[in-house]
Amino acid sequence: MKVLICCDSDIVLQLAGMSLEAAGHQAILDREPARLVPEAPGAQALLVDAARAKQAPALLRDRGFRGRALLFADGDPAALARQARDIGLDGAVAMTPPEEIAKRLTAALEARR
C-alpha cells in the first residue's frame, strides 16, 4: 500500500517510514505537503501530524489524493480520534509503539469513515 507521511519532525518521518516499509508498504515521506503532490494519486493513506493537518490533506486532495487522511500522533487512541474528528480528518493512528504502526494503520483504514 502506498502511504504518504507528512510530519514536522524528521525523526517521526523516519520512524514511521521504516516501520511501514518493514511491513511491506511503500512510504513516501516529506515535511512539506507540496513535495508529496506528485505521489498523491494512487496513495491509500496520508499520515499527518497536527501541525500539517489542515494544509496537507486539502492540498493533496486538490491534487488527486483520494485516500484517508489520518492524524499521526502519540496519545490515547480515543483522544486522538476526537482530535482527528475536530480537525476534519478521517481518523487517527497512534505512533507508539512504532513496531505496530502498520497494524494500527490497517485498522484505521478498515474503520468506517
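What you see is a predicted model; the values in this text were computed from it and never measured.

Participant: Would you mind going over the environment of Leu47 with me for this structure?
Facilitator: Mapped onto the fold, Leu47 is located in strand 3 (residues 45-48). When the C-alpha positions of Leu47 and Ile5 are compared, they lie 4.7 Å apart, and in sequence the two are 42 residues distant. If near-sequence neighbours (up to four positions away) are discounted, Leu47 is found in contact with Val3, Leu4, Ile5, Cys6, Leu20, Leu70, Phe72, Val93 and Leu105.

Participant: What exactly am I supposed to notice about the pattern of salt bridges here?
Facilitator: Here the structure, examined in full by the defined rule, presents nine salt bridges. Close ionic contact of Arg31 with Asp8 constitutes a salt bridge, the shortest N to O distance being 3.0 Å. Taken together, the residues span a long stretch of sequence, with Arg31 in the loop between strand 2 (26-30) and strand 3 and Asp8 in the loop between strand 1 (2-6) and helix 1 (10-22) at a distance of 23 residues. On the basis of relative accessibility, which here comes to 31%, the residue Arg31 falls in the partly exposed class. A salt bridge links Arg52 to Asp8; the shortest N-O distance between them is 3.2 Å. Taken as a pair, Arg52 in the loop between strand 3 and helix 2 (55-62) and Asp8 in the loop between strand 1 and helix 1 lie far apart in primary sequence, 44 residues in all. Note on Arg52: relative accessible area 11%, which makes it buried. Taking relative accessible area as the criterion, Asp8 reaches 36% and is therefore assigned partly exposed.

Participant: How do you make sense of helix 4 (residues 101-110) when you look at a structure like this?
Facilitator: One full turn of an α-helix is made of 3.6 residues, so residues set three or four places apart face in the same direction. Restricting attention to buried positions, one finds in helix 4 the residues Ile101, Ala102, Arg104, Leu105 and Ala108. Buried residues of helix 4 fall within an arc of 160 degrees about the axis and therefore sit on the same side. In helix 4, the exposed residues that point more than 90 degrees away from the buried face are Lys103 and Glu110. Here the buried face of helix 4 lies against strand 1, helix 1, strand 3, strand 4 (68-73) and strand 5 (91-94).

Participant: Which parts of the structure should I look at to understand helix 1?
Facilitator: Over its 13 residues, helix 1 extends 18 Å from the first C-alpha to the last, a length consistent with the 18 Å expected when each residue adds 1.5 Å. For helix 1, the full list of buried residues reads Val12, Leu13, Ala16, Gly17, Ser19 and Leu20. For helix 1, the angular spread of buried residues about the axis comes to 165 degrees, placing them on one side. Away from its buried face by more than 90 degrees, helix 1 exposes Ile11, Met18 and Ala22. On its buried side, helix 1 packs onto strand 1, strand 2, strand 3, strand 4 and helix 4. Between the side-chain oxygen at the start of helix 1 and the backbone nitrogen of Ile11 there is a gap of 3.3 Å, and the oxygen is on Ser9. Gly24 occupies a position one or two residues after helix 1 and carries a positive phi of about 95 degrees.

Participant: Just to check I follow, could you spell out the side chain of Arg68 for this structure?
Facilitator: Tracing the backbone through its elements, the reader meets Arg68 in strand 4. Buried within the structure, Arg68 lacks any salt-bridge partner; Asp90 is the closest side chain of opposite charge, at an N-O distance of 4.5 Å. Here the side chain of Arg68 touches Ala111 through a polar contact of 3.0 Å, landing on its backbone oxygen.

Here is what the cut-offs are and how they apply
Residues numbered from 1 in each chain as written. Predicted model: local features only at pLDDT ≥ 70, side-chain atom pairs only at ≥ 80, totals over all residues. Heavy atoms only, no water. Helix = DSSP H or I, 4+ residues; strand = E, 2+ residues; numbered from the N terminus. Contact = heavy atoms within 4.5 Å. Salt bridge = Lys/Arg side-chain N within 4 Å of Asp/Glu carboxyl O. Buried < 20%, exposed > 50% of the residue type's maximum accessible area, 1.4 Å probe, protein only. Arc of directions from axis to C-beta. Expected span 1.5 Å × (residues − 1). Polar contact = N/O pair within 3.5 Å; in protein donor to acceptor, adjacent residues only side chain to side chain. Lys, Arg positive; Asp, Glu negative; His and termini not counted.

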